[in-house]
Amino acid sequence: MGDETSTKPSYWLDACEDISCDDLIPAGEFVALGSAAAVQNGGPADVGGLDPTFFDGILDSMPENVVGPLVGSTNGQNSCNGVKKRGGIESNGNEQERFGKRHHVDCHYKERPNRKRAFDNEEKNGRDRSSIRRKEQHFNGKRGYRDMDWKEGKGYWERNRSGSNDMVFHPGSWEAGCSTHIKAPVEKNVEGEAKNEDFKKNVPKENARKYQLDVLEQAKSKNTIAFLETGAGKTLIAVLLIKSVYNDLHLQGKKMLAVFLVPKVPLVYQQAEVIRDQTGFQVGHYCGEMGQDFWDARRWQREFEKKQVLVMTAQILLNILRHSIIKMEAINLLILDECHHAVKKHPYSLVMSEFYHTTTKDKRPSVFGMTASPVNLKGVSSQVDCAIKIRNLETKLDSVVCTIKDRKELEKHVPMPIETVVEYDKAASLWSLHEQIKQMEVAVEQAAQSSSRKSKWQFMGARDAGAKDELRQVYGVSERTEGDGAANLIQKLRAINYALGELGQWCAYKVAQSFLTALQSDERGNFQLDIKFQESYLSKVVSLLHCQLSEGAVLQTNVGDAVDKGCEATCNDEIEEGELPDVQAVSGGEHVDVVIGAAVAEGKVTPKVQSLIQILLKYQHNDDFRAIIFVERVVAALVLPKVFAELPSLKFINSASLIGHNNSQEMRTSQMQDTISKFRDGRVTLLVATSVAEEGLDIRQCNVVIRFDLAKTVLAYIQSRGRARKPGSDYILMIERGNLSHEAFLRNARNSEETLRKEAIERTDLSHLTGTSKLISIEPTLGTVYQVESTGAVVSLNSAVGLVHFYCSQLPSDRYSILRPEFIMERHEKTGGGPTEYSCRLQLPCNAPFERLEGPVCSSMRIAQQAVCLAACKKLHEMGAFTDMLLPDKGSGGEGEKADENDEGDPLPGTAKHREFYPEGVAKILQGDWILSCKDEFDHSKLFRLYMYAVKCVDVGSSKDPFLTQVSEFALLLGNELDAEVLSMSTELFIARTMTTKASLVFRGCIQVTKHQLDSLKSFHVRLMSIVLDVDVEPSTTPWDPAKAYLFVPIGVKQVDPTKEIDWDLVFNIIKTPAWKNPLQRARPDVYLGTNERTLGGDRREYGYGKLRHGMTTVGQKSHPTYGVRGAVAQFDVVKATGLVPDRETNGNKDMMTPGKLMLADSCADAEDLVGKIVTAAHSGKRFYVDSIRYEMTAENSFPRKDGYLGPLEYTSYADYYKQKYGVDLMYKQQPLIRGRGVSYCKNLLSPRFEHSEGESEETPDKTYYVFLPPELCFVHPLDGSLVRGAQRLPSIMRRVESMLLAVQLKNVIKYTIPAYKILEALTAASCQETFCYERAELLGDAYLKWVVSRYLFLRYPQKHEGQLTRMRQQMVSNLVLYQYALTKGLQSYIQADRFAPCRWAAPGVLPVFDEDITETEFLSDQENKEIVMEEIDDLEDGELDEGDSSSYRVLSSKTLADVVEALIGVYYVEGGKQAANHFMKWVGIEVDFDLTEIQDSTTRPSNVPDSILRSVNFDSLESALNIKFRDKGLLIEAITHASRPSSGVSCYQRLEFVGDAVLDHLITKHLFFMYTDLPPGRLTDLRAAAVNNENFARVAVKHNLHVHLRHGSSALEKQIRDFVKEVEKELSKPGFNSFGLGDCKAPKVLGDIIESIAGAIFLDSGRDTSVVWTVFQPLLQPMVTPETLPMHPVRELQERCQQQAEGLEYKATRSGNLATVQVFIDGVEIGVAQNPQKKMAQKLAARNALAALKVVETEAKEKEKEKENEEGPKKNGSQTFTRQTLNDICLRRNWPMPLYRCVSEGGPAHAKRFIFAVRVNTSDKGWTDECVGEPMPSVKKAKDSAAVLLLELLNRWYA
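Source: prediction; values computed, not measured.

A. Examining the overall build of the protein more closely. Each helix and strand in the protein was counted, giving 62 helices and 46 strands. Within the protein, contacts between residues separated by at least 24 positions form 73% of all contacts whose residues are at least 6 apart in sequence. Surface exposure of the protein reaches about 80800 Å², of which carbon and sulfur atoms provide 51%.

Here you go:
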């Protein structure tokens, strides 16, 4: 576990999901839990009269993390070591499951298998468990609904994990712990605090003690500093004060904003958590790591509005005050924790002096300070001295100190630890080692100076003026150069030397070693010289100090040697462990010590470390040992845990380091939180901490504090003592024997503490000192500042240096150029011998708006530097480089930064996940009020004038199936004339595999119809479409909508008068027939009968259980158990009971069989007339086309055998089959059977359906499924077969016509003529699965838009640097902005985004029906139900309707809207060039037109480049490589100048690269688009990605030798270019090989950049002509990538393969030394691995290896298959796959209830989720089966299938 936590900090996982423990255990039962602590401490639980199994029950009813402390360690060992068995499942001792990684359980807690203890008593246990379960239901509201069902089984089945694949049975219930496969998600708890802390939550809110209330009273009336012991509960006073301020403001109706400042990061989290718990207010917490420095004012404003209390480090408040993001007056209450820091330049002090005291008195916030000692210094010399210091603090904080006069009450509440002093001997000096390291330091200094071209004076710059420190503090920016390498190394050598002296040789060796490994594993090592420089020295140190540490005492014989050597122990003379010699003193009175004596004698560790180990050994048998060791230096904190780990005697300790932020070995906040929470809950028992832990950390269990290094100040002495919070704790001070200063410090500290207390109470009179310099007075002097009028943001001398550094760090740069200001100091000696003065010159990087600035002459170097920076800030603001908040301008043209989600976690507009409902558009031309003609209108003579268009279908290809060609013809009646473009369009319908049909509309003429005729046509239309679309509507009552007014009418032979073409006879026959009265002849007879096939399958249209079922109870029959389940049947007697089928038996005419006639269900008919008709089956409600009458077959023929899962189904004859399955007694068994084909649902004919259908047997040409029906069960349907088949094509044709009409309408709105079908293409999403979509056009439009916007910004803002331009472009072309444009123009109603589904399509008068949905949710719990609903809106693909809603709405993602805008730009560009595209962009709202003359001068004036530089560039070879002559050489020089080149009047290439990147992208995309017109969009995107990428460009640069001209100043870059050039030469030597940037060597980005910047330079030099750029670049880029040579990126290839196979893909990256290792896991198994210095490259190679491995596996599998086939002979019908469906079928057949599934585990990262499901079923004869737990699967469906297959095997065993 140790290494795991160190590599990736995992926040404390609060597995309880915020259920506080008060919820888990009813209040009344707390008595029992009082003894929890006893159990945890390993003692026997003093349970008293409580039943011994009580804890079992409690444990079982608690979520796991609460169980943690209770289960504790009953074995007397610390719970982190032993491995305990429980419930037959091993729980690993490191408690991983229990703490950091608890498996997420779906929506209700699993009960634990009963953990039997030795003292269990069966009956009592049973009785108690039931009572617990009752209680549990009582206090955990979410349970209960499932308890009845999910009875604890005896055990569960799962697959054997060892690979044999057999089923194995485990007792108990499935626990996440037993599955090694899934890594549970580690949930992050934002607060990072362990909430489990010994039932912390159960402790009722603390009651305030009397002294706390006294302080509170004073704090309410005036500003107060509370001076109380650590542990006296100052935070509680602050909390009460916050509440009181809140209440006062609440009464006035105002909002409170309290700011709680803390000095150290860990306290931010701790105090925020406390305030949250105690007040329930909205509390925000902020520390530098969360990136607040980069927040804009709006982001902060949101925080201020939402939160009532802000907990933050003081520096953050100082920053936002300085940038005027918040004003002091906005704060109501300011609390300063540990307020003694408010001295000198500490942020506390600056906040008060710069902002608090400058605010007018009536607007200041109340102040409350808290401290354990108001004096933050070495101590106080006298009472007066003490009084002065306290008075100064009071002045600074504008407050009065308040303390407790009566200490008795305090001592009662605040445990004082027992103070002990331990002395240790002085260490002997290992002087020769010290000397060698010292010499190295000197050598490093010299090397650094010689390598640096700058004089020491310049280096003075930031570092000596203290800016480095301030910079770290202010903005967390760290910078490095080759020179820094040396400075950094010297620090390291000093640290090693310190360790050598204070801790011993072994410790120093470990320190050096860890420094070295840290360097080697630094990715920057590849290109940062300072790292190589440091490595060389450190490896020398490591070999010098190398030694081993082992336990053992000193051997007698070697004692003499050891002393002689003066302890300069070399590592070769290892002393063997041996017998204990006689006790004797070694090296200056040192005691022999069995554990580490030998090591001390050799100087491997010092006597000081030895004493520490002896102290720790005393606590060996204390079970509740929890200690903090305070050390002074980070080195000691890091290395001591290594010493403890090395010594077996100390294995009872689990130690960790806790260090702060401000050092090179910094700890990230999350790691700190993690360490602290482990210490809280006992996974770590010993912290070695620097001063970061002295203040305020509240860890109640800590009972030993050891000061390894004495405190530096009285305050630290008091503070660290206060960390021992447990009553009866020890405070141990280690001092060196005979060291006078140590003893003096202790005396001073104890006296000072007394003096302070006395002073705070008695207060010395200081009136005689008034006005002297000893007392500070706060005059609001701001010194020199620059303030922005509009916002009040301010920069002062104090903050200017940091701000300039921050500005430079925000300029665009890469790893080779570290941009930072340079300061050049000048001395001004005074002639008269006065004090020396200084001035400072500031040099900014070459991409800043100005480069040099001279500062004024000042009295000291520090002030000179501050003054020039203040002037620079002012100038930068005036030039627009700083915003009015004095923050670097990111180029956010007035619009803030955007994330992917908003604060509630909902996706933001513009992203693919952001979906909304939009009404579906209907073209205006389809409107018509004529369709509303009602039946009761009197005016029957009125004529309606309509336009008639015949639907003409031309078949392409042929089909043997006669049904496909026998179709009736129809026409369309509309109220308006259609656009010619619609008529010229033909729609391709995919009818069958071998045949398509081209459908088009042909204008037949105008017709005039009477009111009566119109009504008949409407009735016909409704009858026809209701059958085709399967919607049960009545013509007389159906609603008509004038927005969509057209009718389908049947037509016959072509006539002159189009009115006569209408087949009026057919119309009248169909509308008059009485058959419509029979519900079985109308739409959805199966729903009427309750036999609907679609109820659980397909289509998500879940229908009711059948109208019959609701009426059935009246008939008095019990309902069939399988209603509403797929394949369900209505018993025929139920059908007969409805009276729909005439009862034949009463007629008694069984033998009246007339030849050639057939007895049907309700009539008698000619056999031959039936062929081609449609019949409805009375028993099932299904419809069939009559194919033929089989005279040779009767109902007595034998029934073909069918295979079922549990054996074959035997029926003796057809009659027997109908009898058994449907309960039908056939009367006319001698009648011939009818052979029928099912009438299919109306299909979407617009999508090519037959391309990838190896598996879809139904579609293979000659396979048609036939059924044989007894005629007496059939009704003849009024509509003819050919009529229905013809009408089934109409929805698809109309869908295309409707969308085309919309495209025409949009074209007319935009007012620029291009073909409408092109616009339709740009409006059609790929999700429609039609033969065209917008993706190709979108690609072109995207590149064109990027280019036009880049050009506009580049020319419009010559002052802005590349970073600002890029951000501004991002904002102009971002999906969010395009989405908003699309909405304002109403594009959403034109878009076609859903695959056409006829069942959801609304025909006039026939609206789709969405019944009461009973989805699978019937069988799920409420909670799961909610989740499904939640998922559904996410799962809805674009265009899908939410079915509860009316059909005229659909879901569109906002990304689709943005894509359509780009596609339209692309289409207009293709059809009408730039002019058309710009016209459309202007129409939609993208403003990029501007007057070119305005900016002519700025970009076209020749650059003035110094001659020296012109001479240094070889223009001839450069221009001949490019084959172009430059007019302005300055542009070319700028294009090859890198930012690392010291500036000399030439800017770097970044701005040119910005414009060049866009122009190349546009030109190459355009080239590919027009070159490969038939390429599908996905491949086109890949081609573009391969052609337009930095890697490819870099190879072009090398091939044409452009890299030799690059002007830069980084030796690391030089080396990388050399390596890359070698690699490329190798690549090029391979014949025919072109990797298009997918090669194995990663290019330095700079090389690709110069290709782009040269393109930008050519563009400008040629007078902004893109064709010139293409002329130059087309030859350079050859060979261009083609579809044949296109390589696919292995990472993507692997990802797509895994998505197709639904496998979980996961990458794990680790780094050791200079190499990154990436492993590829598929479904949890490692498939490939690779190493490379660069992580990205390693991932690519690993993916490539994985693909190769998979191919091998696949070919092997195929060969095995073949062998098998050869042995066994061919299989009959392919292997059958069993799934949930098979299981459902068995349940149906056996009349069992449906199986019950539950999710037992869900985990893994988002891209590789894993689900495990369990299933069981209640069999009618054998009761519940055991649970079967499936394998971890990537989707819920697969996981359920996996469990179902296991259960099927189990059933097979039971029943086979």
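Right, picking up where we left off after that structure.
B. Region of interest: the pattern of salt bridges. Tallied over the entire structure, the rule returns 56 salt bridges. With its nearest N and O atoms 2.6 Å apart, the salt bridge here joins Asp-709 to Lys-608. Of this pair, Asp-709 sits in the loop between β16 (704-707) and α27 (714-721) while Lys-608 is found in helix α24 (residues 607-618), placing the two residues 101 residues apart along the sequence. The buried category is assigned to Asp-709, whose relative accessible area is 5%. In this structure, the salt-bridge partner of Lys-998 is Glu-988, at a minimum N-O distance of 3.8 Å. Here Lys-998 is found in strand β27 (residues 995-1010), whereas its partner Glu-988 is found in strand β26 (residues 987-992), with 10 residues between them in sequence. Given a relative accessible area of 34%, Lys-998 falls into the partly exposed group. Among the charged side chains, a network of salt bridges with common partners joins Asp-1342, Lys-1346, Arg-1369, Asp-1557, Asp-1561 and Arg-1584.

C. Fine view of the state of the cysteines. In total, this model carries zero disulfides according to the counting rule given. There is no disulfide at Cys-808, and the cysteine sulfur nearest it, in Cys-869, is 8.8 Å away. We classify Cys-808 as buried; its relative accessible area is 1%.

D. Up close: the sheet that holds strand β14 (residues 655-658). The six strands lie next to each other as β12-β17-β16-β13-β15-β14, forming an open sheet whose pairing is parallel. Two strands bound the open sheet, and with one partner strand each, they are β12 (418-424) and β14. Taking each pair of neighbouring strands and ignoring which way they run, the sheet shows an average axis angle of 20°. With seven bridges connecting them, β12 and strand β17 (residues 730-736) associate as parallel partners. Bridge pairing in β17 places Thr-420 opposite Ile-732.

E. Here's a closer look at a negative patch on the surface. Together, Glu-1756, Glu-1759, Glu-1763 and Glu-1767 give the surface a local cluster of negative charge. Its place among the elements puts Glu-1763 in helix α60 (residues 1735-1768).

F. Molecular detail of the packing of helix α43 (residues 1316-1323) against helix α48 (residues 1454-1484). Direction vectors running N to C along α43 and α48 enclose 150°, while the axes themselves pass 8 Å from each other. Judged on the interaxial angle alone, α48 and α43 are roughly antiparallel. When the axes of α43 and α48 are compared, the crossing they make is right-handed. Contacts between α43 and α48 pair Lys-1318, Ile-1319, Ala-1322 and Leu-1323 from the former with Val-1460, Ala-1463, Leu-1464, Val-1467, Tyr-1468 and Glu-1471 from the latter.

G. Spotlight on the pairing of β16. On β16, burial covers both faces: Val-704 and Ile-706 on one face and Val-705 and Arg-707 on the other are all buried. The pairing of strand β13 (residues 627-630) with β16 spans four bridges and is parallel. When the bridges of β16 are listed, Ile-628 appears paired with Val-705. Where β16 and β17 come together, four bridges link them in parallel fashion. Along β17, the bridge assignment pairs Ile-706 with Ile-732.

H. Structural detail: the packing of helix α12 (residues 314-322) against helix α13 (residues 347-356). At a minimum axis distance of 8 Å, the contact between α12 and α13 shows a crossing angle of 30°. Relative to α13, the element α12 lies roughly parallel. Here α12 and α13 pass one another in a crossing that is left-handed. For the pair α12 and α13, contact is made by Ala-314, Gln-315, Leu-317, Leu-318, Leu-321 and Arg-322 and by Pro-347, Tyr-348, Leu-350, Val-351, Glu-354 and Phe-355, respectively. Grouping the amino acids of the contact of α12 with α13 by side-chain chemistry returns nine nonpolar, one polar and two charged.

I. Geometry of the confidence of the model for the protein. Averaged over all residues, the pLDDT of the protein is 75; the fraction at 70 or higher stands at 72%. With pLDDT under 50 throughout, residues 452-482 is counted as low confidence; its partners more than four residues away or in other chains account for 69 contacts. In this model residues 1146-1151 is a low-confidence stretch, pLDDT under 50, and it forms four contacts with partners more than four residues away in sequence or in other chains.

J. How the structure looks around the packing of aromatic side chains. The tally for this structure, following the rule as stated, stands at 24 aromatic pairs. Here the aromatic rings of Tyr-1468 and Phe-1480 are separated by 5.4 Å at their centres, their planes lie at 15°, and the arrangement is stacked. Using a relative accessible area of 0% as the deciding quantity, one classes Tyr-1468 as buried. An aromatic cluster of three or more residues is present, and its members are Phe-1199, Tyr-1214, Tyr-1217, Tyr-1218 and Phe-1268. Seen from the ring of Phe-679, Arg-626 lies directly overhead, with NZ or CZ sitting 6.0 Å from the centre. Residue placement shows Arg-1551 over the ring face of Phe-1354; its charged tip is 4.4 Å from the ring centre.

K. Inspection of the environment of Leu-1283 at higher detail. Turning to its location among the elements, Leu-1283 is positioned in helix α41 (residues 1281-1287). The contact partners of Leu-1283, leaving out residues within four places of it in the chain, are Ser-968, Phe-970, Phe-1020, Leu-1024, Leu-1066 and Ile-1070.

L. Spatial organisation of unusual backbone geometry. Here the residue pair Gln-1678 and Pro-1679 is connected by a cis peptide bond, since its omega of -10° sits within 30 degrees of zero. Structurally, Pro-1679 is set in the loop between α58 (1666-1677) and α59 (1690-1701). Unusually for a residue other than glycine, Ser-324 sits at a positive phi of about 60°. As for its position among the elements, Ser-324 is in the loop between α12 and β9 (333-337). Positive phi is not limited to glycine here, since Asn-1601 has a value of about 60°. For Asn-1601, the location among the structural elements is in the loop between α55 (1590-1599) and α56 (1611-1629). Here Asn-1601 falls in the partly exposed class, since its relative accessible area comes to 44%.

M. Layout of the sheet that holds strand β31 (residues 1174-1177). Pairing is antiparallel across the open sheet formed by five strands, whose spatial order is β36-β35-β32-β31-β37. The open sheet is flanked by β36 (1266-1269) and β37 (1274-1276), the only strands paired with a single partner. Taking each pair of neighbouring strands and ignoring which way they run, the sheet shows an average axis angle of 45°. Sheet analysis places β31 next to β37, joined by three bridges and oriented antiparallel.

What counts as what
- Residues numbered from 1 in each chain as written.
- Predicted model: local features only at pLDDT ≥ 70, side-chain atom pairs only at ≥ 80, totals over all residues.
- Heavy atoms only, no water.
- Helix = DSSP H or I, 4+ residues; strand = E, 2+ residues; numbered from the N terminus.
- Contact = heavy atoms within 4.5 Å.
- Areas by Shrake-Rupley, 256 points an atom, 1.4 Å probe, with all protein chains shown as cover.
- Salt bridge = Lys/Arg side-chain N within 4 Å of Asp/Glu carboxyl O.
- Buried < 20%, exposed > 50% of the residue type's maximum accessible area, 1.4 Å probe, protein only.
- Disulfide = S-S within 2.5 Å.
- Pairing = 2+ DSSP bridges.
- Axes fitted to C-alpha atoms, helices over the stretch in contact; angles between N-to-C directions.
- Patch = residues over 30% accessible without salt bridge, like charges linked within 9 Å, V, L, I, M, F, W, Y side chains within 5 Å.
- Lys, Arg positive; Asp, Glu negative; His and termini not counted.
- Charge placed at Lys NZ, Arg CZ, Asp CG, Glu CD.
- Parallel < 35°, antiparallel > 145°, perpendicular 65-115°, else oblique.
- Left-handed = near helix turned anticlockwise from the far one by under 90°.
- Nonpolar A, V, L, I, M, F, W, Y, C, P; charged D, E, K, R; others polar.
- pLDDT = per-residue confidence, 0-100.
- Phe/Tyr/Trp six-rings, centres within 6.5 Å; stacked < 30°, edge-to-face > 60°.
- Lys NZ or Arg CZ within 6 Å of the ring centre and 35° of its normal.

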